[in-house]
Amino acid sequence: MPQEPNFPDQLQHKPVYVVPYFDLDPWYAGDTDAQFITLGWSQWDQHELSAKVVRHSGQRWSRQSEELPLPRAIDLAILTALAYGKGDDLAQIDAGTFENQNEPITVAHGSKRDRTAAMNSMRNDEIIRSRLRALFDAIKPLHEKGLI
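These numbers come from a predicted model, not from an experiment.

Describing the overall build of the chain
Then comes step 1: A count of helical and extended segments in the chain gives three helices and six strands.
Then comes step 2: Seen in sequence order, the chain has helices and strands lined up from the N terminus as β-β-β-β-α-β-β-α-α.
Then comes step 3: By its C-alpha atoms, the chain is 45 × 35 × 30 Å across when sized along the principal axes.
Then comes step 4: Counting only residues that meet the buried cut, the chain has 22% of its 148 residues in that class.
Then comes step 5: Within the chain, contacts between residues at least 6 apart in sequence are counted, and of these 35% link residues at least 24 apart.
Then comes step 6: Only carbon and sulfur atoms are counted for the fraction: they give 55% of the accessible area of the chain, which is about 10,500 Å².

And the structure:
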């Protein structure tokens, strides 16, 4: 699949930050439909920040491009860090981890085989470790400034 050099200006999602992602996609670098990742204003609510993966099918910009409200994208990163850090020990998520969460959440688990495979996959392990390290490095300056 070829790289699309220009961000599509016809999208209703209005990016504030755009990162060319074609050569960065952890699993499919250089051969991916994920052309850009962005942070910007939601297509559904121009007052809500969102994260979006902008995809191209090879012939046209894909309607399967995902847009998530930014707090949901961050919550997914939190869940990923918890699941990766605790694995099978992740039985509950402490109250206050997520916004408006007043009680602990009991975590639903898939099959033991799927959990083991997900946490032990060498390909996933290296990429997830790398991405979690990058996440930590990205938020460290915010912590040092007292913002978090």
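A short note on the pairing of strand β3 (residues 49-55)
Then comes step 1: Burial of β3 is extensive: five of the seven residues sit out of reach of the surface.
Then comes step 2: In terms of strand pairing, strand β2 (residues 34-41) meets β3 through seven bridges, oriented antiparallel. Note on β3: the bridge partner recorded for W41 is L49.
Then comes step 3: For β3 and strand β4 (residues 66-69), the ladder comprises four bridges, and the chain directions are antiparallel. Bridge assignment links S50 to a residue of β4, and that residue is P69.

Concerning a nonpolar patch on the surface
Then comes step 1: On the surface, V16, Y17, L39, W41 and L49 cluster together into a nonpolar patch covering about 470 Å² of accessible area.
Then comes step 2: Going through the elements one at a time, β1 (14-20) and β2 are the ones with two or more residues in the nonpolar patch.
Then comes step 3: Counting through the fold element by element, V16 comes out in strand β1.

Side note on the pairing of β2
Then comes step 1: Direction of pairing for β1 relative to β2: antiparallel, over a ladder of six bridges. Paired with V19 across the bridge in β2 is I37.

Regarding unusual backbone geometry
Then comes step 1: A positive phi is found at N100, a non-glycine position, where the angle reads about 65°.
Then comes step 2: Along the chain, the position of N100 falls in the loop between β5 (92-93) and β6 (105-106).

Points about the packing of aromatic side chains
Then comes step 1: One pass over the full model with this rule turns up two aromatic pairs.
Then comes step 2: For the ring pair F7 and F36, a centre distance of 5.2 Å and an interplane angle of 75° mean the geometry is edge-to-face. In this pair, F7 sits in the segment before β1 while F36 sits in strand β2, placing the two residues 29 residues apart along the sequence.
Then comes step 3: Here F36 and W61 contribute two aromatic rings whose centre-to-centre distance is 6.2 Å and whose plane-to-plane angle is 35°, an arrangement assigned as tilted. Placement of the pair is F36 in strand β2 and W61 in the loop between β3 and β4, with a sequence separation of 25 residues. The pair F36 / W61 is uniform in exposure class, with both members buried.

Brief notes about the environment of A81
Then comes step 1: Mapped onto the elements, A81 comes out in helix α1 (residues 70-86).
Then comes step 2: Here A81 falls in the partly exposed class, since its relative accessible area comes to 34%.
Then comes step 3: Sequence spacing of A81 and R129 is 48 residues, and the spatial spacing of their C-alpha atoms is 9.5 Å.

Reading the values: the criteria
Residues numbered from 1 in each chain as written. Predicted model: local features only at pLDDT ≥ 70, side-chain atom pairs only at ≥ 80, totals over all residues. Heavy atoms only, no water. Helix = DSSP H or I, 4+ residues; strand = E, 2+ residues; numbered from the N terminus. Buried < 20%, exposed > 50% of the residue type's maximum accessible area, 1.4 Å probe, protein only. Contact = heavy atoms within 4.5 Å. Areas by Shrake-Rupley, 256 points an atom, 1.4 Å probe, with all protein chains shown as cover. Pairing = 2+ DSSP bridges. Patch = residues over 30% accessible without salt bridge, like charges linked within 9 Å, V, L, I, M, F, W, Y side chains within 5 Å. Salt bridge = Lys/Arg side-chain N within 4 Å of Asp/Glu carboxyl O. Phe/Tyr/Trp six-rings, centres within 6.5 Å; stacked < 30°, edge-to-face > 60°.

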